[in-house]
Amino acid sequence: VYRGFFLFRYFFFFFANGRGDDAGFVAEAEGVWHFAQQHGYGRHEPPRYLPTVALSLYKLGRGDEISIWMERLDSWFAELDEEEQKQERRDYLAATMSLLDFFSVFRPEQVLPRLRAYQDEVRALKDSYPLRRLACALEAYPELLEESVALHRESASYLGRHSKKNFALGNDNETEAQMS
């Protein structure tokens, strides 16, 4: 019964997103998060929806709340065992870069140290999506515009490299090519 309820909530909150109901989407994401935490639902994949939560919060002008979701993403990742962390690292980094991108508009002083901490690892992925999100986050800092543009160019050079992989979010598909 729990699994059915979880899947219903998961479906409903994606439906809320499809309607453009940002506040509803955030509320449903909150419910999904707490349900997964209470019931230990094993296939809970925050990297699949947290970037959309951050986008919704950004659009609602509630950017300070993104820090709560960043803490949740970090907590989820820390609870994985070593093998799962290896498997999920790319998606964790991609989601982290996406959340930091939206959060940089509201709290740039908190974001830059974290971007710098992950920058080398994100670049080493040679993966367009997380690198583009890093470059977008750096746009919040006028003094780093040249670096941001260089990272955007580097990101574009990796298009197509991972087009056949099934990441939680952002592979090198046509949409990513248009964004880069």
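Residues numbered from 1 in each chain as written. Predicted model: local features only at pLDDT ≥ 70, side-chain atom pairs only at ≥ 80, totals over all residues. Heavy atoms only, no water.

## Observations regarding the overall build of the protein
Looking only at helices and strands, one finds nine helices and zero strands in the protein. Its helices and strands in sequence order give the protein the pattern α-α-α-α-α-α-α-α-α, from N to C terminus. Taking all 180 residues of the protein together, the buried fraction comes to 47%. (Helix = DSSP H or I, 4+ residues; strand = E, 2+ residues; numbered from the N terminus. Buried < 20%, exposed > 50% of the residue type's maximum accessible area, 1.4 Å probe, protein only.)

## Overview of unusual backbone geometry
A positive phi is found at Lys126, a non-glycine position, where the angle reads about 55 degrees. Structurally, the position occupied by Lys126 is in the loop between helix H6 (108–125) and helix H7 (128–138).

## Structural notes on the packing of H6 against helix H8 (residues 145–157)
Across the interface, H6 lies against H8 with an axial gap of 13 Å and an inter-helix angle of 25 degrees. The angle between the axes of H6 and H8 places the two elements in the roughly parallel class. For H6 against H8, the interelement crossing comes out left-handed. Of H8, the residues touching H6 (which contributes Arg116, Gln119 and Arg123) are Glu147, Leu151 and Glu154. A breakdown of the residues in the contact of H6 with H8 according to their chemical character gives one nonpolar, one polar and four charged. (Axes fitted to C-alpha atoms, helices over the stretch in contact; angles between N-to-C directions. Parallel < 35°, antiparallel > 145°, perpendicular 65-115°, else oblique. Left-handed = near helix turned anticlockwise from the far one by under 90°. Contact = heavy atoms within 4.5 Å. Nonpolar A, V, L, I, M, F, W, Y, C, P; charged D, E, K, R; others polar.)

## Some thoughts on a nonpolar patch on the surface
Among the surface-exposed residues, Leu55, Tyr58 and Val105 lie close enough to one another that they form a single nonpolar patch of about 250 Å² accessible area. Tracing the backbone through its elements, the reader meets Tyr58 in helix H3 (residues 50–60). (Patch = residues over 30% accessible without salt bridge, like charges linked within 9 Å, V, L, I, M, F, W, Y side chains within 5 Å. Areas by Shrake-Rupley, 256 points an atom, 1.4 Å probe, with all protein chains shown as cover. Salt bridge = Lys/Arg side-chain N within 4 Å of Asp/Glu carboxyl O.)

## Description of the nonpolar core
Membership of the largest hydrophobic core comes to 38 residues, with the highest contact counts inside it found for Tyr49, Val53, Ile66, Trp69 and Leu115. Mapped by element, the contributors of at least two residues to this core are helix H2 (22–39), H3, helix H4 (66–79), helix H5 (82–104), H6 and H7. Considering every element that reaches this core, the biggest residue donor is H5, with eight residues. (Core = buried A, V, L, I, M, F, W, Y, C linked by side-chain atoms within 4.5 Å.)

## Some words on the packing of aromatic side chains
One pass over the structure, following the stated rule, counts five aromatic pairs. Measuring from centroid to centroid gives 5.5 Å for Tyr58 and Phe102, while their planes differ by 45 degrees, and the two rings are tilted. Here Tyr58, found in helix H3, pairs with Phe102, found in helix H5; they are 44 residues apart in sequence, far enough to count as distant. Here Trp76 and Phe77 contribute two aromatic rings whose centre-to-centre distance is 6.3 Å and whose plane-to-plane angle is 50 degrees, an arrangement assigned as tilted. The exposure class of Phe77 is buried, given its relative accessible area of 8%. Taken together, Trp76, Phe77, Tyr92 and Tyr118 form an aromatic cluster joined through their ring pairs. Between Arg72 and the ring centre of Trp69, over which it is positioned, the NZ or CZ distance is 4.4 Å. (Phe/Tyr/Trp six-rings, centres within 6.5 Å; stacked < 30°, edge-to-face > 60°. Lys NZ or Arg CZ within 6 Å of the ring centre and 35° of its normal.)

## Quick notes on the confidence of the model for the protein
Close inspection of predicted coordinates is inappropriate for parts of the model with low pLDDT. Across the protein, the average pLDDT comes to 85, with 77% of residues at or above 70. This model gives residues 1–8 a pLDDT under 50, and the stretch forms 10 contacts once residues within four places in sequence are excluded. Of the regions scoring below 50 in pLDDT, residues 175–180 engages in 12 contacts with residues more than four places distant in sequence or in other chains. (pLDDT = per-residue confidence, 0-100.)

## Considering the packing of H4 against H5
Running from N to C, H4 and H5 point in directions that differ by 170 degrees, and their axes come no closer than 10 Å. Classified by the interaxial angle, the pair formed by H4 and H5 is roughly antiparallel. Two secondary-structure elements touch here, H4 through Ile66, Ser67, Trp69, Met70, Leu73, Asp74, Trp76, Phe77 and Ala78 and H5 through Gln85, Glu88, Arg89, Tyr92, Ala95, Thr96, Leu99, Leu100, Phe102 and Phe103. The class makeup of the residues in the contact of H4 with H5 is 13 nonpolar, three polar and three charged.

## Considerations on the side chain of Gln119
In this fold, Gln119 is placed in helix H6. Relative accessible area serves as the criterion here: at 10%, Gln119 is assigned to the buried category. One polar contact links Gln119 to Arg116, side chain to side chain, over a distance of 2.6 Å. Not counting chain neighbours up to four residues away, the residues in contact with Gln119 comprise Leu134, Glu147 and Leu151. (Polar contact = N/O pair within 3.5 Å; in protein donor to acceptor, adjacent residues only side chain to side chain.)

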